[in-house]
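Residue-level structural notes
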Amino acid sequence: MRVQVAIIGGGPSGLLLSQLLHRKGIDTIVLERKTREYVLGRIRAGILETGFVELMREAGVAERMDKECFVHDGTVISYGDIEFGINFKELTGSHVVVYGQTEVTRDLYDARDAMGGKIVFNADDIQIHGADSDTPYVTYQADGTGHRIDCDFVAGCDGFHGVSRQTIPLTVRREYEKVYPFGWLGVLSETPPVHDELIYAGSERGFALCSMRNENLSRYYIQCSLSDSADDWTDQAFWQELKRRIPAQYAATLITGPSVEKSIAALRSFVTEPMRWGRLFLCGDAAHIVPPTGAKGLNTAASDIHYLHNALLQFYEDHDSEGIDRYSEKALARIWKAERFSWSTTNLLHRFPEQNGFDLKMQKADIDFLRENKEAQSVFAQNYVGLPY
Ligand code: APR
Ligand code: PHB
């Protein structure tokens, strides 16, 4: 088989790129290691920058999102007994959209089905060949048979543990990583959200976050030890700890309920450079990871897809390789700013084991400056709603 673009990974990055390219008549195939059900079973974040929303519209998959999403014009930040709001709308004229990544992925799969997009599930042992040549191809095993896909380009959208990044030789790749000394214990509960905006809470006991998926599905997180396992936490223990970390007014009105999902995620900052090697392009988690504090994981994948989609259009329609030649440079310029924001908000609101009294004074001074200074809040808001593509 031959396609113009072989896409490895059927998560949000791969599906969005496939949908955008297909709508412009560019032939793709998506090779996904797992089943559709497995991919849709992943619980991930749900904060979309307006740039992502526009991409979903451009891809023709925004109808359900427009009906069911929540528009958030701001967020609450608390630190011990300090509490204040940051008004995105007032400070930037923009906002974010709350719509679960699972729903984004579901909408993308439905759209691919409607267009007859080629997706192979349970694709095993995927290997990329000749990425640094003009005749790349991909091989994989499925249904007990070996397959080969000849293509013009390969888009590595296969996440942090995928094969794409590993295909780029270590002599070419430069990797930058920071692993945080704590995790996030997340709970999904069929309960109404405690507040109509998100609450990012720092406290002497650690970080907490109150989020949501819809009016009767809430998502909560507390910072936890990396030695914890989800089974160590009963629902009761989780709710009790959450209440101790968020402002008293919300602790008093929090409606608790049984967890329908409970899991622990490790936190890391990671970037690989370059994001292109020959005819292989890395997108999304295959190239970079952020701690979830800034809600940038899905949104940084989106800007990669924006740049690569336009670069490939420029190549096929204008026979101009300027876009693909500058893809890595342009994608990384925005990625590093998102990495900085995610790293800084994580430092601002989490307790680190090695923090001493001075460190805590610095953290408190950062919070006080953010609370008191509109320019500081504007910087936070511009980063949160999404820097320009
Ligand atoms: N071969 C084929 N598919 C693979 C392979 C492989 N070797 N390795 C991983 N995959 C698949 C995974 O099963 C997954 O469905 O690639 C997909 C990668 O999807 P994500 O990890 O979601 O990454 P991405 O699409 O870039 O989305 C980034 O979504 O998952 C969140 O935290 C992530 O918010 C971030 C955003
Ligand atoms: C979520 O709703 O899962 C969520 C929201 C904001 C974040 C992280 C996760 O910063």
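See the structure shown above.
This structure is a prediction, so every number in the text was calculated from the model and none was measured. (Residues numbered from 1 in each chain as written. Chains lettered and ligands numbered in written order. Predicted model: local features only at pLDDT ≥ 70, side-chain atom pairs only at ≥ 80, totals over all residues. Heavy atoms only, no water.)

Observations regarding the pattern of salt bridges
The criterion, for reference: What counts as a salt bridge is simple: a side-chain nitrogen of Lys or Arg found within 4 Å of a carboxyl oxygen of Asp or Glu. Each helix corresponds to a stretch of at least 4 residues labelled H or I by DSSP, and each strand to a stretch of at least 2 residues labelled E; elements are numbered beginning at the N terminus. Each residue gets one of three labels from its accessible area relative to the maximum for its type: buried under 20%, exposed over 50%, partly exposed in between, using a 1.4 Å probe on protein chains only.
Tallying each qualifying case throughout the model produces 29 salt bridges. Of the charged contacts in the structure, one is a salt bridge between Arg326 and Glu329, with a shortest N-O distance of 2.9 Å. With Arg326 and Glu329 both in helix H11 (residues 322-349) and 3 residues apart, this pair spans about one turn of that helix. With a relative accessible area of 46%, Glu329 lands in the partly exposed category. Within the structure, one salt-bridge network assembled from shared partners comprises Arg64, Glu68, Glu103, Arg106 and Asp107.

Observations concerning the nonpolar core
Generally speaking, nonpolar side chains in soluble globular proteins are found buried as a group. Heads up, the rule is: Nonpolar core, defined: a set of buried Ala, Val, Leu, Ile, Met, Phe, Trp, Tyr and Cys residues in which side-chain atoms within 4.5 Å join the residues together. Any two residues whose heavy atoms approach within 4.5 Å at even a single point are treated as in contact.
With 70 residues, the main nonpolar core has Val5, Leu16, Leu48 and Met56 as its most contacted residues. Of all the elements, helix H10 (residues 297-318) adds the most residues to this core, at 9 residues. Met56 has contacts with Leu16, Val61, Ala62, Met65, Val104 and Leu108, leaving out every residue within four places of it along the chain. With 31 residues, the next largest nonpolar core counts Ile47, Ile77, Tyr200 and Tyr221 among its residues.

Considering the pairing of strand E13 (residues 199-202)
Our working rule: What makes two strands pair is DSSP finding at least two bridges between them.
Residues Ile199 and Ala201 point to one face of E13 and Tyr200 and Gly202 to the other, with burial holding for every one of them. In this sheet, E13 lies alongside strand E5 (residues 74-79) in parallel orientation, the contact comprising 4 bridges. From the neighbouring strand, Ser78 faces E13, where its bridge partner is Ala201. Here E13 folds back onto strand E14 (residues 208-214) in antiparallel fashion, the turn holding 5 residues, of which Gly206 has a positive phi close to 120 degrees.

These values are about where atoms sit, not about what they do.
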